[in-house]
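# Observations on the three-dimensional arrangement
Below are the chains, spelled out letter by letter.
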Amino acid sequence: MNKRFPFPKRYWVYLIIVLICSILLIGNIYRTDGWTGDKPFSEFVGRDWQLLVIFLVEEIIIASVMFLFVFLACRINKKRDMEITAQWETDKYLGIKPGDYDYVWFDFSNTERALILKQRDQFKLYVQEYDEHTGDWGCFNGVSIYDNLNEIKKTLFYEYDFYCEENTELDKHGDEVFVEEIEFPISSIQDVTREEISLFNTQHSVLEVDLLNAHRCWCRKYRVNKPNLRYICDRTNIDGERRMFFYGNPRIVVVANAEQEDLWFELIEKMKTVGYFAFDID
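Keep in mind that what you see is a predicted model, and the values were worked out from it rather than measured.

### Describing the pattern of salt bridges
What the rule picks out here adds up to 11 salt bridges. Arg-4 is the partner of Asp-91 in a salt bridge, and the nearest nitrogen-oxygen pair spans 2.9 Å. Of this pair, Asp-91 sits in helix α2 (residues 46–91) while Arg-4 sits in the segment before α1 (9–35), placing them 87 residues apart in sequence. Note on Asp-91: relative accessible area 5%, which makes it buried. Among the charged side chains, a network of salt bridges with common partners joins Lys-153, Glu-181 and Arg-251.

And the structure:
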């Protein structure tokens, strides 16, 4: 239990009342059954019907009281959850400032964060654990150095059980699955149609990105249902390096550096031309 957000005493009183009411509901059945002699309805006499009416009225009253206190307890719990969420939004960047790290990733359970700093051609990784009772962040380990982001994503997934949007997808059973990410320079794009994007890979063959599947994966990622195919990917712009993410497994990432800005906007125009109007704002 989060010590900074304890339940008020009345919450526990409400739960006790709910428990007592549930016991009374069941006990009233056995009591009435004993009073009527465990007879079927066809053998009821006048007194039995009176007892049945009393039983029904009592059940309605007890059930109403129980659901009232269930509602009150749920309202307290909902308010507490909102306070915890608001505190998390305050604490998630505690101890770091904008620009301290190139990437800050949070796991799905909001209990860990990965801090990634790019220095020349290497990446430094720090993994920290959140203490919900104090709001502080403690280091799992010292700094680890990697050659690229994909190595970091694999390390987080397989060694730290760190599941985040950057390295994990949930399958149809709700299990975590590692997502392989493949980067393509924007210059490798061959063609753009309503159905797919053709990319020329390093093996001198053409890879086709299914945009309908990319749309489905985008909707699954954000847990929304948007029949309009305009939403097919996400885009980022960090220090002049632009990235376009097409979700799926593997995840396709189209990368454009600062010198390829013209190619980037040319791709944007092509996407709008074939009907993906979500590209109106870059």
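Read on for the rest.
### Some details on the nonpolar core
Of all hydrophobic cores here, the largest spans 21 residues; its most connected members are Ile-189, Ile-197, Leu-211, Met-244, Phe-246, Leu-267 and Met-271. Those elements that provide at least two residues to this core are β9 (189–192), β10 (196–200), α4 (211–222), β13 (241–246), β14 (251–256) and α5 (261–273). By residue number, the principal contributor to this core is α5, which donates 4 residues. When residues no more than four places from it in sequence are discounted, the contact partners of Leu-211 are Thr-193, Arg-194, Glu-195, Glu-196, Ile-197, Ile-232, Phe-246, Met-271 and Tyr-276. Counting 14 residues, the second-largest nonpolar core is a separate cluster that includes Tyr-103, Trp-105, Ala-114 and Phe-123.

### Comments concerning the packing of aromatic side chains
Using the criterion set out here, one finds 15 aromatic pairs in the structure. Aromatic pair Phe-7 and Tyr-11: ring centres 4.1 Å apart, planes at 15°, arrangement stacked. With respect to burial, Phe-7 and Tyr-11 carry one shared label: buried. Centre to centre, the rings of Tyr-130 and Trp-137 are 5.0 Å apart; their planes meet at 40°, and the pair counts as tilted. This pair shows no difference in class: Tyr-130 is buried, exactly as Trp-137 is. Cation over ring: Arg-80 sits above Phe-7, and NZ or CZ is 4.2 Å from the ring centre.

### Considerations on the sheet that holds β13
The strand order β8-β14-β13-β12 describes an open sheet built from 4 strands, whose pairing is mixed. Strand pairing shows two members of the sheet lacking a second neighbour, β8 (181–185) and β12 (234–238), which therefore form its edges. Averaged over all pairs of adjacent strands, the angle between their axes in this sheet comes to 25°, without regard to strand direction. Here α5 sits on the sheet in contact with β12, β13 and β14, set at roughly 35° to β13.

### Considerations on the environment of Cys-139
By the element assignment, Cys-139 lies in strand β4 (residues 137–139). If sequence neighbours within four positions are ignored, Cys-139 has contacts with Val-127 and Gln-128.

### Here's the deal with α4
Between its terminal C-alpha atoms α4 stretches 16 Å, which fits the 16 Å expected from 12 residues at 1.5 Å a residue. Check the buried side of α4 and you find it contacts β10, β11 (206–210), β12, β13 and α5. Between the side-chain oxygen at the start of α4 and the backbone nitrogen of Leu-212 there is a gap of 3.0 Å, and the oxygen is on Asp-210. Of the residues one or two after α4, Arg-223 is the one with positive phi, at around 55°.

Each value, and the rule that gives it
- Residues numbered from 1 in each chain as written.
- Predicted model: local features only at pLDDT ≥ 70, side-chain atom pairs only at ≥ 80, totals over all residues.
- Heavy atoms only, no water.
- Salt bridge = Lys/Arg side-chain N within 4 Å of Asp/Glu carboxyl O.
- Helix = DSSP H or I, 4+ residues; strand = E, 2+ residues; numbered from the N terminus.
- Buried < 20%, exposed > 50% of the residue type's maximum accessible area, 1.4 Å probe, protein only.
- Core = buried A, V, L, I, M, F, W, Y, C linked by side-chain atoms within 4.5 Å.
- Contact = heavy atoms within 4.5 Å.
- Phe/Tyr/Trp six-rings, centres within 6.5 Å; stacked < 30°, edge-to-face > 60°.
- Lys NZ or Arg CZ within 6 Å of the ring centre and 35° of its normal.
- Pairing = 2+ DSSP bridges.
- Axes fitted to C-alpha atoms, helices over the stretch in contact; angles between N-to-C directions.
- Expected span 1.5 Å × (residues − 1).
- Polar contact = N/O pair within 3.5 Å; in protein donor to acceptor, adjacent residues only side chain to side chain.

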